[in-house]
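Chain by chain, the residues:
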Amino acid sequence: MSDRGHIPESRQREAPRADLKWIGRSMKRVEDPRLLVGKGIYTDDVNLPEMAHAAVLRSPHAHARIVSIDVSRAAALPGVLCVMTGADAAKVCDPLPTWASPPVLQPVIADDRVRHVGEAVAAVAAEDRYIAEDACELIEVEYEPLPPVVDPEEALTSTGDAVLHPERGDTNIALERTLSFGPVEEDFAAADLVIERRFRWPRSGGQPLETVGAVASFDEGAGRFTIQCNTSMYNYCGWMIASTLRVAPHKLNIVPTLAGGSFGSKMFVHKVPVLAAVLARAVGRPVKFMEDRIDNTTSCDNHASDRVYYAKLALKRDGTLLSLKTRIIDDYGAFLQFGVGQHGNALSQCVGPYRINSVEVDLAAVLTNKCQQGAYRGFGSEVANFVIERLVDAAADELGVDRIALRRQNFIRPDQFPYLIPTGNMYDSGNYQAVLDETLKLADLEHWRAQQTEARKAGRYIGIGVATCQERSVFSATEFWMWNLEQGVEWTSSPDGVSVKIDPTGKAFVTLHSPFWGNSPETVAAQVLAEQLTIDPADIEITYSDTDQGLNSTGPGGSRFTVMVTGAIVGAASQIREKMLRIAAHLMEADVRDLALEDGAVHVKGVPDMKMSIAELADKAHYYRLSMPDDLDLTSGLDATYVYDHPVTTLPDPDERHMGIFYPIMGHSCHIPVVEVDVETGQVHFLHYAAVHDCGTMVNPMTLEGHIRGGTVNGIGTALFEEFAYDEAGQLTTALWTDYLIPTIKEAPADIVVGHVETPSPFTEYGVKGGGEGGRMGGPPAIAAAIEDALKPLGVTIDSLPLPPSRLRALIRKAQGRAA
Amino acid sequence: MKPPRFRYLRAGSVDGAVQALADNPDARILAGGQSLIAMMNLRLVRPACLIDINRVPDLGYIREEGDGVAIGALARHNEVKHSELVRARCPLLTEAYESIAHHTVRNRGTLGGNLCHADPSSETPAVMIAVGATLVLQSVGGTRAVGAEDFFLGTYETAARQDEMLVEIRLPGRGADGWAFAEISNRHGDFAIAVIATTLSLENGRCAAARVVASGVGEHAARLVPAEQALVGGPVDETRLDAAAAAAAGAVDPHSDSHADAAYRRDAVAALTRRTVRRAAERCG
Amino acid sequence: MERESISVTVNGRTYERAVEPRRLLSDFLRDDLRLTGTHVGCEHGVCGSCTVMMDGVTARSCLTFAVMADGAEIETIEGLGSADAMHPVQQAFWEKHGLQCGFCTPGMLMTAVELLKRNPDPSVDDIRDAISGNLCRCTGYQTIVDSIRHAAKLMREDGA
C-alpha cells in the first residue's frame, strides 16, 4: 500500500452524536423568504445611477481570421456610448485567467481570429440593451474562414490552418500524457477476461435559469473597480480578475449577488465581469452586462465534459475485478480555463466503489472550435462513474452473472476504510452494501422483475437499472494541476472562512465569504452555529462579504461547502465559546472546567441557579472590560474569524506513483430506475425511481433530498435529452432552449423515492460529507442500464448518450435489422 | 435578445385592421404573439409594422355555425381547448390540444395566429386538414374562404396575402365517425417531431373514407394520400394497418435536424399512423 | 424614437409611461417600474421564469410587448405577499422546499396561483400539467408539486 501514499491523522473536533438538536433537522431554509416575495437581489436586479448596458457581437463562424472590423456605423447610432473591438480591449486588459499550463491564451474579445461560434468579436455599451443590440447589427466584420475542427478524434491530427492556437505549436492537442498507478500490466496479464468498450459522453451544461452577469463601475479618483457579479471563488482568486484588468488586487472589489443557480457553471466566471469592467472604465459610467440565453449557450465558461473513452476492464473468471485502462479523448473546445482539472477530479474515484488494484489513464485533451469547458455537477467524475458502471454491467453480462451480485462481490468492505485507491486518493468511510440493500428495498425489485416478465409476454419492454456510484466531495486544489506537464499554479490550499459576531444583545451575525448560488449556505451556517452555541437559528443573521472584507474562501463547488462552512463555524464558535466561558468563570467565580454551555446560557454544572445567558455575557464582553479578567489576550467584544482548511489532503508523490489525497470525503449512492421503452418510437417512460445516498451525517435532510432529486433530473437530462451539438461546420445547432432540451416536469419521474444511509466521515466536523452533485453522478449510468435491460431481448447495448427518442430508435432499428 | 424596432398600430375593428394592412404593405397582424414575439426577440423576423388586433371586440367567439363551429380570430388556445362545443363537434381538435404548448402560452396564443404562423411542425394545421376546416380571409376587397388543405403552402407560408387577415376558422360538423391524434416530441409540449391526425368513417365494417394528415415531416402539414388509399375499401385489420403505416412512411420526405433524423421521422409517421388509425376505427364503434 | 403612452395597473397601482412599442413587458416591469421580482431566463418563451398575471390569467412577460398591456391589470410576485405576510402559496413553497436558487420561483408561484384559482383541489397530474411550461433546474420538480398541493390545503383551510 505504500505506493498509494499515507493517511494523515484526523483533525476532527466534533464527532457525530445522536443528541444533536439542530444538525440533522429538516429546518425551513433561512434563504427563502426574500426569494419567495421577489426581493432577492440577483445580478440583473442591480440598478446603479447612470448605468449603461452592454451587448456583444458574436462570431457566426466556428474558425476564421478577422480581416477587418468597421464600427463606425454602430458608434454613430444615437444612444451608443462605446464600441470596443478585440484590439481595443487588448490595450486595456490582459488575457483571461487560466489554470492551464502551459496557458491557452484567451482574450476577452477575440483579437485576430475567432475560435468558436459565439465568441465575442466586439462589445457595445449603450443607454439600454435594445440600442446596444441594434448597434451590434451595424458592426461590419470581414472574416476569412479557416477549417473548423469539430470531431475530437480528428482534432488529434490537426495541423496548419486547422490549429486553433499556433503559438502553442502545430497541434490541437493541449495536453497528452499517461498516468499509471499500480501493476497495470501484471494485472492485465493475470486477467482471464478483458471487457473492451468505446463510450461517448455528450457535451451538456449546467444551464441554470439565470445566466452570468456583472455590473461594473470604475472610480477614477481611487483608481478602483467595483464589480457586482454572480461568481464564486471571488475570495479565493478574485485577484486574478484584477490582474487581467491591469490593476493591483486591492484596486478591485468583487461584490457577490445572489446567483440564480450554478451547478458549477458560476464557479469562477471571468469573461463577463472583465468585459463589464473594461466597458465601464471606457465610458466612465457603471455598465451592466447580463448574458442573454444565446450569449450563454454559445459562449459561457462552462460547457461540460465531452469525451470519447476507449476502456478496458481486466477481471478474473471468478468475477474479481483487477485493473482498469482508459484512453480518453476530451473535447475541451477552444480554451482551457481550468486546465484539465476535470481529469484530476475523475482520478479521485475512477475505480468506483470497487476493489480494483491498478489503473491507467491515457488522456488527450484536444482543442476544437467549440465553447470552452467548465464545471457541471460532477466536474468530470460523473463521466468516470458512467464508464466504470457500464463496464461492470458488461462484465456481469459477459460472465453470465447478476449485475448486482458482481458489484457486491467487488465492493470495498466497510472494514477496509479509510481506503486508498490506486491513484492515491482516499475514501474516508463507507458502507456500500448497506446503501445497495436499502435501495433494493425502496425499489421493490421483486415486484418490478415480475412486471418485466409479464410485460415481455405482452411485447412491452420494461427495464431495471442499478448503478452504485461514488460521490466524492470537498476537493483540494491539487485536482486543478496534477496533470500538468509544466509547473503552473500548484496550490495546495482550498479553505473556507467565516466571521461570527455576537452583538451586545446576544444576537449572532455570521459573515460568509462565499456566495449563495442556489445551495443553502445560510441554512447550514445557522443550523451549525445554533448547534455550537445552543441558540435559536432565528437569532442568527447571515450576510456575505465582498473581497474588501473577505477571508480566504474557495466557495461552493465540488460538493464542498456544507463540509467546509461547518468546519469554519465550528472553529469560530469554539473561540467564542472559550471566551464566554472565561468571562463567565471570572464573573461567577467558578472554574472553567465546571462550566457548560446549554440552552443559550453558561451554567455552573450542578448548580441550577448559577448561570449567565449569552446575551448577558455578550453585554459584559462589549461594555464592561473592567469586569473581565485582566488578561492581555482578552479584548472587548465577542467575535471570531476562522478559516477552515481542507480537512485531509496530501501532496502527489514526486515520482507520480500516486497523486496524494485530494478528494477524500467520499459519499456513495445507488440509483435504481425502472423504465419502459416504446420500441416503435424510442420513447422512455419512468415507472419508478429509487435513489439512496450516503452523504455522511446529514445537516438538513430536506435540502439534501432537494439536491438528490434535482441532480437526478439533471442526470435524466444528460442521459436522455441534453446536448450542445455542433454540426460539421462548427455551428451550435442547440443554442436555443427550444433545442437544448432541459427536462420539464413531464420528463421527470413523478416520484423519486429517496433514502439515506449515514456513514459519518471520521475526518470532518460532525462527520458531514458533501452531497451537491450525486444525483447527476448516479443517474446516467443507472438509466443507461435500465434501458439496456429493457431492450435485452433485442440485444441493444448502450454506450453513448444522450438517448432522445430518435437515437434510441436508431439503436432499436439496427438491432431489429440484425435479428431479421 | 431584444426585438428590433417596428411601428405599432392598434386596430379597433376588423375593418380597421384590414384597412391598416392595405395602408401598410410592410405590416403584419399581431395576435397572441407567442411565436411571433419569440422570433422577433431572436431577430429572426423583423416586421416593420405590427397591427395589434387584441383590442378588436367580439373577435374571440366560439359559436355554432350550422352543424359546425365558427371560431373568431382572437379565440385563445385555452378557450378552444376547453370549449364544450368544440369537444362535441370537433373532438380531434380537443385531443390535439393535449399536446399543444403549455398552459400559459395557450392563455395568450390564438388558434388563428397559430394557423397563420404556419410552423411546419405545428399541430393545428394537421387537425384543420383532417377535419376539412375552412379559413375565412378578409381584406379591404372583401372576404374569401380557403380550404385548410389549400391554405398551408410552405414553411411559414400560407395562402393569405399580405393584405388579408384570417378572421374566422370554420370547423365542419362531425363528418367522420372516428378520429385520433398522436404526436411525438422530445419533451411534452414542444413543437412536434411528427404528428398524425386521422379521421375515418366505417360502413359495414369497411373503411369508407379516411384522412391521414401529417405535420412535422415536411414543409407544411399535408394529407398522406397513399395511406388513405391503403385503408379505404377494406376492414381496418392488422394487414391494412401495416399497409397504411408503410404507405404513410413512404409518402413523406422528412428532414433531419437536432431533434430527430429523417429515418426517425419516417418511423414515427408509421407508428403514429398505425396508432391513430386503430384508435379512430375503435371510436367508430 | 416613437413612443406610445400606456397606462398599466400593476399590483393595484396605475403607472403612466411612454414606451417604445418594442419594449417587452418583462423589461417594462423590471427596468421601468423596478419590479425586479419577475425574472428573465430565456427571452424566447421556453422557461416561464417571467410569468406574470395579466387580466387574471398568466402570461409570459417576455412574449408580450408592454404596449399590449395598456389598460391591463398586471399582478407580479411583489403583489402576492410579503415576507411577514406570505400568500399561502409562498408559505407552502417555504415549508415544502419548493425552491432552491429561487430564480424560477416567481414564475412558478404565479402559475400555481392561477391553477389554484381555477382548481382549488388539483391532483398531481393537474399540477404537472399546469407547471409543465415552467422550467426549474434545481428541484427536480417533486417538491414543487408537494408545495402546490400543500398550498391548496392551506387555502382550503383558510377558506373554511
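### A look at the overall build of chain C
Helix and strand content of chain C: 5 helices and 5 strands. The secondary structure elements of chain C, listed N-terminal to C-terminal, are β-β-α-β-β-β-α-α-α-α. Taking 15 Å as the expected radius of gyration for a compact globule of 160 residues, we find that chain C reaches 16 Å, a close match to that expectation. Counting only residues that meet the buried cut, chain C has 70% of its 160 residues in that class. Taking all contacts inside chain C whose residues are at least 6 apart in sequence as the whole, residues at least 24 apart take part in 56%. Total accessible area on chain C stands at roughly 5000 Å², and carbon and sulfur atoms take up 43% of it. Of note, chain C has its 16 positive side-chain charges centred 5 Å away from the centre of its 23 negative side-chain charges.

### Remarks on the overall build of chain B
Along its length, chain B carries 12 helices and 14 strands. The C-alpha radius of gyration of chain B comes to 19 Å, within 12% of the 19 Å expected for a compact globule of 285 residues. On the principal axes, the C-alpha backbone points of chain B span a range of 60 × 45 × 30 Å. Looking at chain B as a whole, 62% of its 285 residues are labelled buried. Taking as baseline every contact in chain B between residues at least 6 positions apart, the subset at least 24 positions apart corresponds to 60%. Surface accessibility of chain B: about 10100 Å² in total, with carbon and sulfur atoms responsible for 47%. Between the mean site of the 31 positive side-chain charges and the mean site of the 34 negative ones, chain B shows a separation of 5 Å.

### Focus: the interface of chain B and chain A
Interface extent is often summarised as the accessible area lost during association of the parts. With 23 residues of chain B in contact, the opposing surface of chain A contributes 31 residues. Summing both partners gives a buried area of about 2400 Å² for chain B against chain A, and 50% of it is carried by carbon and sulfur. In terms of surface lost to chain A, no three residues of chain B exceed Met 1, Arg 187 and Tyr 264 of chain B, which account for 27% of the buried area on that side. With a shortest N-O distance of 3.9 Å, Arg 43 of chain B and Glu 133 of chain A are connected by a salt bridge. For the side of chain B that touches chain A, the leading source of residues is helix H12 (residues 262-283) of chain B, giving 6 residues. Counted by class, the side of chain B that touches chain A contains 8 nonpolar, 5 polar and 10 charged residues.

### Details of the pattern of salt bridges
This structure, assessed with the given rule, holds 97 salt bridges over all chains. Glu 788 of chain A is the partner of Arg 403 of chain A in a salt bridge, and the nearest nitrogen-oxygen pair spans 2.5 Å. Taken together, the residues span a long stretch of sequence, with Arg 403 of chain A in helix H13 (residues 403-410) and Glu 788 of chain A in helix H21 (residues 774-790) at a distance of 385 residues. The two residues Arg 403 of chain A and Glu 788 of chain A agree in class, both being buried. When the shortest N-O distance is used, the salt bridge between Glu 705 of chain A and Arg 709 of chain A registers 3.9 Å. With Glu 705 of chain A and Arg 709 of chain A both in helix H20 (residues 701-721), this residue pair falls 4 residues apart, about one helical turn. Via salt bridges that share partners, Arg 58, Arg 129, Glu 133, Asp 134, Glu 137, Asp 292 and Asp 295 of chain A, Arg 5, Arg 43 and Arg 46 of chain B together with Glu 20 and Arg 22 of chain C belong to a single interconnected network.

### Thoughts on the packing of aromatic side chains
Inspection of every chain in the model, using the stated rule, returns 23 aromatic pairs over all chains. Both rings, one in Tyr 419 of chain A and one in Tyr 427 of chain A, keep their centres 6.4 Å apart while their planes meet at 40°; by these two values the pair is tilted. We note that Tyr 419 of chain A, like Tyr 427 of chain A, is buried. Taken together, the ring pairs in this structure connect Trp 99, Tyr 236, Trp 239, Phe 268, Phe 338, Phe 379, Phe 475, Phe 480, Trp 491 and Tyr 663 of chain A into an aromatic cluster. In this arrangement the basic side chain of Lys 28 of chain A is found over the ring face of Trp 94 of chain C, its NZ or CZ atom lying 3.9 Å from the centre. When the ring centre of Phe 188 of chain A is taken as origin, the NZ or CZ atom of Lys 325 of chain A, which lies over that ring, is 4.8 Å away.

### Thoughts on the sheet that holds strand E5 (residues 73-75) of chain C
Residues and elements named next belong to chain C. Spatially, the 5 strands line up as an open sheet ordered E2-E1-E5-E3-E4, and their pairing is mixed. What marks the edges here is a single partner per strand, and that holds for strand E2 (13-19) and strand E4 (57-60). Going from strand to strand, the sheet's axes swing by 40° on average, the running direction of each strand aside. Bridging between strand E3 (residues 51-54) and E5 involves 2 bridges; their strand directions are antiparallel. For Met 53, the partnering residue across the bridge sits in E5 and is Glu 75.

### What to know about the pairing of strand E3 (residues 80-85) of chain A
All names here are of chain A. Burial within E3 is extensive, with 5 of its 6 residues counted as buried. Bridging between E3 and strand E5 (residues 120-126) involves 5 bridges; their strand directions are antiparallel. Opposite Val 80, over in E5, you have Ala 126 as the bridge partner.

### Regarding the nonpolar core
Leu 347, Leu 720, Ile 787 and Leu 791 of chain A are the most contacted members of the largest nonpolar core, which has 226 residues in total. Of all the elements, helix H12 (residues 381-399) of chain A adds the most residues to this core, at 10 residues. Looking at which domains feed residues into this core, each of domain 1 (4-79) and domain 2 (88-159) of chain C gives three or more. Not counting the four nearest positions on each side in its chain, Ile 787 of chain A is found in contact with Val 675, Val 677, Val 684, Leu 720, Ile 798, Leu 803 and Leu 808 of chain A. Ranked by size, the runner-up nonpolar core spans 60 residues in total, among them Leu 529, Ala 572, Leu 581 and Tyr 766 of chain A.

### With respect to H13 of chain A
Residues and elements named next belong to chain A. For H13, every residue scored as buried is listed here: Arg 403, Ile 404, Leu 406, Arg 407 and Asn 410. Looking down the long axis of H13, one finds its buried residues gathered within 165° of arc, a one-sided arrangement. Buried-residue contacts for H13 involve strand E14 (321-331), H12, helix H14 (432-443), helix H15 (445-457), strand E19 (467-473) and H21. Residue Asp 402 occupies the N-cap position of H13, its side-chain oxygen lying 3.1 Å from the main-chain nitrogen of Ile 404.

### Concerning the sheet that holds E14 of chain A
All names here are of chain A. One open sheet accounts for 5 strands, arranged E7-E15-E14-E13-E8; its pairing is mixed. At either margin of the open sheet sits one strand with a lone partner, and together these are strand E7 (173-181) and strand E8 (193-201). Each strand of the sheet is rotated relative to its neighbour by a mean of 10°, with strand direction disregarded. Here strand E13 (residues 307-315) runs beside E14; their pairing, made up of 9 bridges, is antiparallel. Among the inter-strand pairings, Leu 315 is bridged to a residue of E14, identified as Leu 321. Across the sheet, H12 touches E8, E13 and E14, and the angle it forms with E8 is around 140°.

### Some details on helix H1 (residues 14-23) of chain B
Residue and element names in this part refer to chain B. Where H1 is concerned, the buried positions are Val 14, Ala 17, Val 18, Ala 20 and Leu 21. Along the axis of H1, the buried residues cluster in a sector spanning 155°; they form a single face. In H1, those exposed residues whose orientation departs by more than 90 degrees from the buried face are Asp 15 and Asp 23. Its buried side turned inward, H1 meets strand E1 (7-10), strand E2 (27-30), strand E3 (49-52), strand E6 (134-139) and strand E10 (165-171).

### Here we look at a negative patch on the surface
Residues and elements named next belong to chain A. On the surface, a cluster of negative charge is contributed by Asp 151, Glu 154, Asp 727 and Glu 728. Mapped onto the fold, Asp 151 is located in the loop between strand E6 (140-145) and helix H5 (152-155). Residue classification places Asp 151 among the partly exposed residues on the basis of a relative accessible area of 33%.

### Topic: the environment of Arg 657 of chain A
Residue and element names in this part refer to chain A. In this structure, Arg 657 sits in the loop between strand E26 (639-644) and strand E27 (665-678). As for Arg 657 and Val 387, which are separated by 270 residues in sequence, their C-alpha atoms are 23 Å apart. Among residues more than four places away in sequence, those in contact with Arg 657 are Asp 3, Phe 181 and Pro 422. Within the structure, Arg 657 has its side chain in polar contact with the side chain of Asp 3 (distance 2.8 Å).

### Quick word on the domain arrangement of chain B
Residue and element names in this part refer to chain B. Split into domains, chain B comes out as domain 1 (7-52), domain 2 (62-171) and domain 3 (178-283). Look at where the C-alpha atoms of domain 1 and domain 2 centre, and you get two points 18 Å apart. On the domain 2 side, the residues contacting the 17 residues of domain 1 number 15 residues. Taken together, the two surfaces of domain 1 and domain 2 that pack against each other cover about 1200 Å², and 67% of this comes from carbon and sulfur.

### Looking at the interface of chain C and chain A
Taken together, the 50 residues of chain C in the interface contact 55 residues of chain A. Carbon and sulfur atoms make up 57% of the area that chain C and chain A hide from each other, which totals about 4600 Å². Of all residues in chain C, the largest losses of buried area upon contact with chain A belong to Trp 94, Arg 128 and Arg 137 of chain C, amounting jointly to 20% of the total for that side. Run the count over chain C and chain A and you get 5 salt bridges. With a closest N to O distance of 2.9 Å, Arg 30 of chain C and Asp 45 of chain A form a salt bridge. On the surface where chain C and chain A come into contact, there are 25 residue pairs in polar contact (both at pLDDT 80 or more). Looking at the side of chain C that touches chain A, the elements that each hand over two or more residues are helix H1 (25-32), helix H2 (88-95), helix H3 (105-118), helix H4 (124-130) and helix H5 (142-159) of chain C.

Parameters and conventions
Residues numbered from 1 in each chain as written. Chains lettered and ligands numbered in written order. Predicted model: local features only at pLDDT ≥ 70, side-chain atom pairs only at ≥ 80, totals over all residues. Heavy atoms only, no water. Helix = DSSP H or I, 4+ residues; strand = E, 2+ residues; numbered from the N terminus. Rg over C-alpha atoms; globule rule 2.2 N^0.38 Å. Buried < 20%, exposed > 50% of the residue type's maximum accessible area, 1.4 Å probe, protein only. Contact = heavy atoms within 4.5 Å. Areas by Shrake-Rupley, 256 points an atom, 1.4 Å probe, with all protein chains shown as cover. Lys, Arg positive; Asp, Glu negative; His and termini not counted. Charge placed at Lys NZ, Arg CZ, Asp CG, Glu CD. Buried area = accessible area lost by both parts, 1.4 Å probe. Salt bridge = Lys/Arg side-chain N within 4 Å of Asp/Glu carboxyl O. Nonpolar A, V, L, I, M, F, W, Y, C, P; charged D, E, K, R; others polar. Phe/Tyr/Trp six-rings, centres within 6.5 Å; stacked < 30°, edge-to-face > 60°. Lys NZ or Arg CZ within 6 Å of the ring centre and 35° of its normal. Pairing = 2+ DSSP bridges. Axes fitted to C-alpha atoms, helices over the stretch in contact; angles between N-to-C directions. Core = buried A, V, L, I, M, F, W, Y, C linked by side-chain atoms within 4.5 Å. Domains from an automatic or database assignment. Arc of directions from axis to C-beta. Polar contact = N/O pair within 3.5 Å; in protein donor to acceptor, adjacent residues only side chain to side chain. Patch = residues over 30% accessible without salt bridge, like charges linked within 9 Å, V, L, I, M, F, W, Y side chains within 5 Å.

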